[in-house]
Amino acid sequence: MTTSSNDKYLISIMGRDQTGVVSAVTGYLFEIGANLADSAFAVLGEAFEFSCVAEFAAGASSEEVLEGLTALDLLVGARITVTAFPFALRRGASATITHVVDISGGDRPGLVARISEVLVDYNANIVRMSSKRVPSGDGFDYRTRFAINVGEGRFTALEAALYNTAGSLRLDCGVETVAGADTTE
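Structural notes, computed from the coordinates. (Residues numbered from 1 in each chain as written. Predicted model: local features only at pLDDT ≥ 70, side-chain atom pairs only at ≥ 80, totals over all residues. Heavy atoms only, no water.)

Burial of strand S5 (residues 99-105) is extensive: six of the seven residues sit out of reach of the surface. Sheet topology note: the S5/strand S7 (residues 139-149) ladder contains seven bridges and is antiparallel. From the neighbouring strand, Ile103 faces S7, where its bridge partner is Thr144. Pairing of S5 with strand S8 (residues 172-177), which is carried by six bridges, proceeds in the antiparallel orientation. Its bridge partner lying in S8, Asp102 is registered against Gly174. (Buried < 20%, exposed > 50% of the residue type's maximum accessible area, 1.4 Å probe, protein only. Helix = DSSP H or I, 4+ residues; strand = E, 2+ residues; numbered from the N terminus. Pairing = 2+ DSSP bridges.)

As a further point, take the environment of Met14. Position of Met14 among the secondary structure elements: in strand S1 (residues 7-16). When the C-alpha positions of Met14 and Val82 are compared, they lie 12 Å apart, and in sequence the two are 68 residues distant. Those residues in contact with Met14 that sit more than four places away from it in its chain are Phe48, Ala78 and Arg79. (Contact = heavy atoms within 4.5 Å.)

Of all hydrophobic cores here, the largest spans 20 residues; its most connected members are Ile11, Ile13, Val25, Leu29, Val65, Leu69 and Leu75. Of all the secondary structure elements, the ones that give two or more residues to this core are S1, helix H1 (21-31), strand S3 (47-56), helix H2 (62-70) and strand S4 (79-84). It is S3 that contributes the most residues to this core, five residues altogether. If near-sequence neighbours (up to four positions away) are discounted, Ile13 is found in contact with Val25, Phe48, Glu49, Phe50, Leu69, Leu75, Ala78, Arg79 and Ile80. Counting 19 residues, the second largest nonpolar core, distinct from the first, contains Ala124, Leu158, Leu169 and Leu171. (Core = buried A, V, L, I, M, F, W, Y, C linked by side-chain atoms within 4.5 Å.)

A few words now on the sheet that holds strand S6 (residues 125-136). Here four strands make up an open sheet; going across it, the order is S6-S7-S5-S8 and the pairing antiparallel. Of all the strands in the sheet, the pair left with one neighbour each is S6 and S8. Between one strand axis and the next, the sheet turns through 15° on average, direction left out of account. Sheet strands touched by helix H3 (residues 111-121): S5, S6 and S7. Its angle to S7, the strand with the most contacts, is close to 20°. Here helix H4 (residues 152-168) sits on the sheet in contact with S5, S7 and S8, set at roughly 165° to S8. (Axes fitted to C-alpha atoms, helices over the stretch in contact; angles between N-to-C directions.)

With nine bridges joining them, strand S2 (residues 34-44) and S3 adopt antiparallel strand pairing. Of the residues in S3, the one forming a bridge with Ser39 is Cys52. From the end of S2 to the start of S3, which pair antiparallel, there are two residues, and Gly45 there has a positive phi angle of about 65°.

Written as structure tokens, this is what we have:
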């Protein structure tokens, strides 16, 4: 069933990780006329999470998209949602990644909350964030990466605050400027 033209949907899928999931999902979406905008895939423990915004210039119903995805062999038992996406697809200037912040070390409950509070204090926008547990000699370490947008005028003070916060938590901190980023305010 076709609805209005330029239908946009947020598609979210979570299931057991296995080789070929991205290929199966994106292949199906291509076959039914989807144009993918922003998308992300991550392995989370034994599971995967895939999300994307798909636009259908010729129109498509959310039910049709959901039914087709549910029929894919690699998605048996997966949780799949297809919902209308009411936002513009064009990103604003605050979505340009200007810096990457890496925090690593032992388990520190509240780490993401503490670092994100520092980022807010300096008007830095989190564009992407990932956190993962990695084996280490005495158990596990954690690595959290924030891809952010911050104006150059605020960056020096923000960088010092990030190093101070990470240090107070006995964690390592690294900050990298993204090449070619326009960081002027």
